[in-house]
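# Understanding the architecture of this molecule
These are the residues of each chain, in order.
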Amino acid sequence: MQNKGLIKVFAILFGLVCIYQLSFTFITNKVENEAEEFAIQKIGEDVDNYSVLRDAEEKRYLDSIGGNDIIAGITYDDAKDKELNKGLDLKGGINVILQISVRDILHGLANDTNDPAFNRALDEADEAQDDSQDDYIDLFFDAYNDIPDARLASPDVFFNKSLSEEINSEMSNDEVESVIRRKVDESITSAFEVLRKRIDKFGVTQPNIQRLGNSGRILVELPGAKDIGRVQNLLQSTAQLEFWHVYKSNEFGNFLAEANNRLIELVGDKEEAQAETDTTDTEDSDLDELLAEAEDDTSDVATGNNPLFDLIKSPGSQGGPVLAYFSTRDTAKAMEYLNRSQVRSLLPAEQRYAKFVWGIPEGDADLVGLYALKGNRSMTPPLSGDVITDAQQTYDQVGRIAVSMQMDGTGAKAWEEMTGFASNNQSQIAIVLDNIVYSAPGVSSGPISGGRSEITGDFSITEGQDLANVLRAGKLPASADIIQSEIVGPSLGQEAIDSGIMSFAIALIFVLLWMIFYYGKAGIYADIALAVNILFIFGILAGLGAVLTLPGIAGIVLTIGISVDANVLIFERIREELAKGKMQKDAIKDGFNNALSSILDANITTGLTAFILLILGTGPIKGFATTLLIGIATSLFTAIFITRLFIDGYAKSGKELPFSTAATKNLFRNVKVDWLGKRKLAYVISGIMIIISLGSLLVQGLNLGVDFVGGRTYTVRFDKDISPTDVQDDLIAVFGSAEAKTFGPNNQLKITTNYRVDDDGSEVDEEISRSMYDALQDYLPSDLSYEQFSAGGSDRELGIMQSMKVGPTIADDIKNDSFWAILGSLVVIFLYILLRFRKWQFSIGSVAAVAHDVIIVLGVFSLLYKVMPFSMEINQAFIAAILTVIGYSLNDTVVVFDRIREFVNEHTSWNLDRTINRALDSTISRTLNTSLTTLIVLLAIFIFGGEGIRGFMFALIIGVIVGTYSSLFIATPVMFDSVTDKVKIQRKKKLEEEAETTV
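Within the chain one finds 31 helices and 23 strands. By residue count, 54% of the 999 residues in the chain fall in the buried class. Considering only contacts in the chain between residues 6 or more positions apart, those separated by 24 or more positions represent 74%. Counting every atom, the chain has about 44,500 Å² of accessible surface; 54% of that belongs to carbon and sulfur.

If you want it as structure tokens, here you go:
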């Protein structure tokens, strides 16, 4: 090997760099453990809500020492920025995909037009989006262009004041379309920046936010986030801040009385049977006061059944902005009543554009105030939040938490006019955020100049900070709905770390011992190279800022098998050269050189499938692909160079290095099997397995996870063993459709439902979570509150440990991407094999073997998913497993093909079947050795790696077994049988001619 000195220097320097990169992780772990111990000592378990208090104390401790020098000038804050990132499944937190509403953006660009053609196209795009892979904007333009004589440059559509500089009335639809596409992209980019600023201010370490293509989707990963509800609200809030003049309560006394009487006529008879009145004498007297001014102008209010009045808990103050107070649970019904056309028709002409909105809940009283805003024909506010230039969480004059705002020049002028009007009329100005009135202060000191104002309300410090952050970062240009989410509780994340470390350690120990058992001292050198390989992998991950996930750990463990495979190939070739009688030095040189082609081909094919997975995968699956790709690169370097440095160094000493032990010296020597002679039997066996698999897939199907069909899934832990059947029956009674399965231990269930799967929004998630909590009351401890149940792991580690939501649209996209990932990998593999071996027969054999393996793995999952004691869902992780199986199967097949090609060139006098059989004989040691070590590694992860990846590992185990079989009995025979008779005859004639020449 040339340039040994350079390789040594590089290996040492790179190893030191990796140690340096990992040192930050060791520093942060040490400091955080100290902070945890400090919090435990300060706050005992006898304190109420001790878990939350400990978290707060731990954070204060870390903040206080964040800038202190720990070692060599490195502070905790510095180390935290450079540590090895842990993913969602290891650290807990939330991963969401937000869909920015392109419909809202288009509506805004068209100034909320009522043009029939425009709105028809939007509606058709909404319908088409459910079953289409096209972007929403493409569907909109397709629908609009199908409408006869519809023009985008119409004054009622995009030729408006706000777009007049870029669009004129003479432009064609295609010309307008290009402008609108750019505007939509700018809006999505703006939304991305707004979300990024909000997340940066949220204080979560190592967040990840990225756009997903041009679909308007944005991926947000926040490992370590604990207040999930707060995060969801922060991400989805459009921050639509508006300032409105507001009516006084006495201006609506007549209307409320008339509305109640009209509702008696409309709904009184229908609701009489179910109406429940719970009014007290105090409430009756309050209502009398509320309606005192209306008694002369209205008829007597009917008693016993008052649809609106029965919902009112107390009236608003005389002359104040609150019309009345309602219970939060009655707000939907009350608003439905007030917005009925028959009721709104009672409004006098000067109030016909009044807009009813709710305030924020009144503390613990569960009461919400009703306001009436002074609207107009276009329902645009006199002043909007676009004018806000800065916002800070502050305190008002009486010490309450508030949010102060500063406006720009335009806003300051409008604000002065509004406050002047309110001062002159002794009225109020409602400060409305996302259609909720936060406060409605009066103005008594004249117009307010300078553009500074303040929002007050019943805020906590956190709520005040979040509101200020949202206003300061800016508003989203359109609504943002969470169409996919995954939430993992911190305790479940710690369990994943423990199980991942356990599986990693067991797999590593086995491989290290096996290499020593099989190859003796040479195995020790391979183990050293493997240790260096692992150091390189973790160091590169830390240096790149990559995220380590549980599938990522599985990828690293699988890399151990890849690293071993490279060493096995090298050692087996060296053993062959030694068996030919070569000197040890020459045998080592030739062994490395001869193995290089097979090693490169095998790892490139595996790398191609991993690369496809990296492109199409998301979240943890991308982490698996990342570590696998890094592992392939480092395995090649350590096997080819590091191992050889040790072996060459030992060989120079003149001592013999046998590359075997007494137990393995003659193992697989002189193997002679008629592999091709058994191909008909193999075809029959494989044919039967394929028929059974296809039959099961047609009849029984697959257990499709929410990734592919949409829905919500929850991992719920109880304090005792639970019958999934009983829980499922109770949940079906609530949701209509639900499935409950034991997930891991008998006190943990995986609950899946597609109830309201088409509905987005945090309020829907909250409703389903609460309904599930109510349905599970018989199985939960009586003192477990809803907050503890839904917190992702309470103090007792009970309740929802993990949850996931996938909307139907994105589920369809995931299914489509998965199909293309598998198809794309097959095409890439076919082309690579064709390029590398220059014969299409090799490509046909490879693809046939891969298709064979995929069908059988699918068939096993179809046959067994109802009886296996672990989850066998078809989800993104399963697709990752299928692609890995493809890579492994190809790895094995390419090594065999590489040896066949070599034998064909070396033994030109042999028949083709003899050449193939002897080539397979020569690789059987490597094939079985690699398969055995890989299987043991996978079994270690399967048993000890945690419930979340058990199905993933099972697919890999089946794939390795089937892949080993197919490389011997499918790929090679198919390749042989695809060689035409003409080629075989020509080869036979050539052999006859050579024989005659010899004679």
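Still more to cover.
The next subject is the sheet that holds strand 14 (residues 401–407). Ordered in space as 13-14-17, the three strands form an open sheet in which the pairing is antiparallel. Each having just a single partner strand, strand 13 (388–395) and strand 17 (452–456) make up the two edges of the open sheet. For this sheet, the mean inter-axis angle between neighbouring strands, taken without regard to orientation, is 25 degrees. Across five bridges, strand 14 lies against strand 17 in antiparallel orientation.

A cluster of nonpolar residues, Phe 819, Trp 820, Leu 823, Val 827, Leu 831, Leu 834, Trp 840 and Ile 844, forms a patch on the protein surface that exposes about 740 Å² of accessible area. Every element with two or more residues in the nonpolar patch is listed here: helix 26 (808–837) and helix 27 (840–864). For the nonpolar patch, the leading source of residues is helix 26, giving six residues. Tracing the backbone shows Leu 834 in helix 26.

So, on to the packing of aromatic side chains. Centre-to-centre distance and the angle between the planes together describe a pair of aromatic rings. Within this structure, the stated rule accounts for 37 aromatic pairs. Both rings, one in Phe 10 and one in Phe 637, keep their centres 5.5 Å apart while their planes meet at 75 degrees; by these two values the pair is edge-to-face. In this pair, Phe 10 sits in helix 1 (residues 4–42) while Phe 637 sits in helix 20 (residues 620–652), placing the two residues 627 residues apart along the sequence. A ring pair is formed by Phe 637 and Phe 641, whose centres lie 5.4 Å apart and whose planes are at 45 degrees; its orientation type is tilted. In this pair, Phe 637 and Phe 641 both sit in helix 20, four residues apart, roughly one turn of the helix. A relative accessible area of 17% places Phe 637 in the buried class. Judged by its relative accessible area of 28%, Phe 641 is partly exposed. A network of ring pairs unites the aromatic residues Phe 510, Trp 514, Phe 517, Tyr 518, Tyr 519, Phe 571 and Phe 659 as a single cluster. If you follow Arg 770 out to its NZ or CZ, it ends over the ring of Tyr 786, 4.1 Å from the centre. Geometry around Trp 910 places Arg 914 over its ring, the cationic atom sitting 4.0 Å from the centre.

Glancing now at the nonpolar core. The nonpolar side chains of a soluble globular protein tend to be buried, and buried together. Among the nonpolar cores identified, the biggest contains 126 residues, and Phe 571 and Ile 886 are the most heavily contacted of them. Excluding its chain neighbours within four sequence positions, the residues that come into contact with Ile 886 are Thr 609, Ile 822, Ser 825, Ile 829, Val 850 and Val 854.

Tallying each qualifying case throughout the model produces two cavities of 30 Å³ or more. Space inside the second largest cavity adds up to approximately 70 Å³. Every residue lining the second largest cavity is listed: Leu 569, Glu 572, Arg 573, Glu 576, Asn 594, Ala 595, Ser 598, Val 895, Arg 899, Ser 922, Thr 923 and Arg 926. Among the secondary structure elements, those contributing two or more residues to the lining of the second largest cavity are helix 18 (550–579), helix 19 (584–616), helix 28 (876–906) and helix 29 (912–944). Counting residues per element, the lining of the second largest cavity draws most heavily on helix 18, at four residues. Taken together, the residues of the lining of the second largest cavity break down into three nonpolar, four polar and five charged.

Before going further, it helps to spend a moment on unusual backbone geometry. Non-glycine residue Asn 111 carries a positive phi angle of around 55 degrees. Position of Asn 111 relative to the elements: it lies in the loop between helix 5 (102–109) and helix 6 (116–129). Even without glycine at this site, Asp 149 takes up a positive phi of about 60 degrees. Among the structural elements, Asp 149 can be located in the loop between helix 7 (136–145) and helix 8 (173–202). Take Asp 149: its relative accessible area is 79%, and that puts it in the exposed class.

Okay, the packing of helix 19 against helix 28 next. Following both chains from N to C, one finds helix 19 and helix 28 inclined at 160 degrees, their axes separated by 8 Å at the closest point. On the basis of the axis angle, helix 19 is roughly antiparallel to helix 28. Handedness of the crossing formed by helix 19 with helix 28: right-handed. Mapping the contact onto sequence places Ser 597, Ser 598, Asp 601, Ala 602, Asn 603, Thr 605, Thr 606, Thr 609 and Leu 613 in helix 19 and Ala 880, Leu 883, Ile 886, Gly 887, Leu 890, Asn 891, Val 894, Val 895, Asp 898 and Arg 901 in helix 28.

Summed over all chains, the structure comprises 31 salt bridges. For Glu 902, the salt bridge goes to Arg 573, with nearest N and O atoms at 2.7 Å. Highlighted residues: Glu 902 in helix 28 and Arg 573 in helix 18, separated in sequence by 329 residues. Exposure remark for Glu 902: the relative accessible area of 19% places this residue in the buried category. Within this structure, Glu 166, Arg 182, Lys 183 and Glu 186 form a network of salt bridges that share partners.

Here the focus is the environment of Phe 878. As for its placement among the helices and strands, Phe 878 is situated in helix 28. As for Phe 878 and Phe 952, which are separated by 74 residues in sequence, their C-alpha atoms are 5.6 Å apart. Other than its neighbours up to four places away in sequence, Phe 878 contacts Val 857, Leu 858, Phe 861, Glu 873 and Ala 955.

Attention now goes to the sheet that holds strand 22 (residues 748–753). Read across the open sheet, the eight strands follow the order 5-6-4-18-23-20-22-21; overall the sheet is antiparallel. Where the open sheet ends on each side, the last strands, each with one partner, are strand 5 (208–212) and strand 21 (739–742). Mean inter-strand twist for the sheet, computed between neighbouring axes without regard to direction, equals 20 degrees. For strand 5 and strand 6 (residues 217–223), the ladder comprises five bridges, and the chain directions are antiparallel. The residue bridging Gln 210 from the neighbouring strand is Leu 219, located in strand 6. Contacting strand 21 and strand 22, helix 23 (residues 724–735) runs over the sheet at an angle of about 160 degrees to strand 21.

Residue placement: Lys 413 occurs in helix 14 (residues 409–425). In this structure the C-alpha to C-alpha distance between Lys 413 and Gly 450, which are 37 residues apart in sequence, comes to 8.0 Å.

Where helix 21 (residues 679–699) contacts helix 27, the axes come no closer than 8 Å and their chain directions differ by 50 degrees. One finds that helix 21 runs oblique with respect to helix 27. The way helix 21 lies across helix 27 gives a crossing that is left-handed. Facing Ser 686, Met 689, Ile 690, Ile 692, Ser 693, Leu 694, Ser 696 and Leu 697 of helix 21, the residues of helix 27 in contact are His 852, Ile 855, Ile 856, Leu 858, Gly 859, Ser 862 and Leu 863. Partitioned by chemical class, the residues of the contact of helix 21 with helix 27 number nine nonpolar, six polar and no charged.

This part takes up the side chain of Thr 923. Among the structural elements, Thr 923 can be located in helix 29. Residue class for Thr 923 comes out buried when judged on its relative accessible area of 2%. A polar atom in the side chain of Thr 923 sits 3.1 Å from the backbone oxygen of Leu 920. Here Thr 923 is in contact with Val 895, Val 896 and Arg 899, once residues within four sequence places are set aside.

Bringing helix 28 into the picture now. The end-to-end C-alpha distance of helix 28, which contains 31 residues, comes to 45 Å, matching closely the 45 Å that a straight helix rising 1.5 Å per residue would cover. Of all 31 residues making up helix 28, 26 are buried, and the element is well covered by its neighbours.

A word on a positive patch on the surface. Residues Lys 8, Lys 585, Lys 589 and Lys 652 make up a contiguous surface patch of positive charge. Along the chain, the position of Lys 8 falls in helix 1.

Below, the discussion takes up the confidence of the model for the chain. When pLDDT is averaged along the chain, the result is 80, and 86% of the positions lie at 70 or above. When mean pLDDT is compared element by element in the chain, helix 21 scores highest at 94, while helix 11 (residues 281–290) scores lowest at 40. Every residue in residues 269–304 is under pLDDT 50, and counting partners more than four places away or in other chains gives 36 contacts.

Moving on to the pairing of strand 13. Relative to strand 14, strand 13 runs antiparallel, the two sharing seven bridges. Opposite Ala 391, over in strand 14, you have Met 405 as the bridge partner.

What counts as what
Residues numbered from 1 in each chain as written. Predicted model: local features only at pLDDT ≥ 70, side-chain atom pairs only at ≥ 80, totals over all residues. Heavy atoms only, no water. Helix = DSSP H or I, 4+ residues; strand = E, 2+ residues; numbered from the N terminus. Buried < 20%, exposed > 50% of the residue type's maximum accessible area, 1.4 Å probe, protein only. Contact = heavy atoms within 4.5 Å. Areas by Shrake-Rupley, 256 points an atom, 1.4 Å probe, with all protein chains shown as cover. Pairing = 2+ DSSP bridges. Axes fitted to C-alpha atoms, helices over the stretch in contact; angles between N-to-C directions. Patch = residues over 30% accessible without salt bridge, like charges linked within 9 Å, V, L, I, M, F, W, Y side chains within 5 Å. Salt bridge = Lys/Arg side-chain N within 4 Å of Asp/Glu carboxyl O. Phe/Tyr/Trp six-rings, centres within 6.5 Å; stacked < 30°, edge-to-face > 60°. Lys NZ or Arg CZ within 6 Å of the ring centre and 35° of its normal. Core = buried A, V, L, I, M, F, W, Y, C linked by side-chain atoms within 4.5 Å. 1 Å grid on protein atoms, 1.4 Å probe; cavity = no way out; pocket = protein on both sides within 12 Å on 5 of 7 lines; lining within 4 Å. Points joined across faces, edges and corners; volume = space filled by probe spheres on them. Nonpolar A, V, L, I, M, F, W, Y, C, P; charged D, E, K, R; others polar. Parallel < 35°, antiparallel > 145°, perpendicular 65-115°, else oblique. Left-handed = near helix turned anticlockwise from the far one by under 90°. Polar contact = N/O pair within 3.5 Å; in protein donor to acceptor, adjacent residues only side chain to side chain. Expected span 1.5 Å × (residues − 1). Lys, Arg positive; Asp, Glu negative; His and termini not counted. Charge placed at Lys NZ, Arg CZ, Asp CG, Glu CD. pLDDT = per-residue confidence, 0-100.

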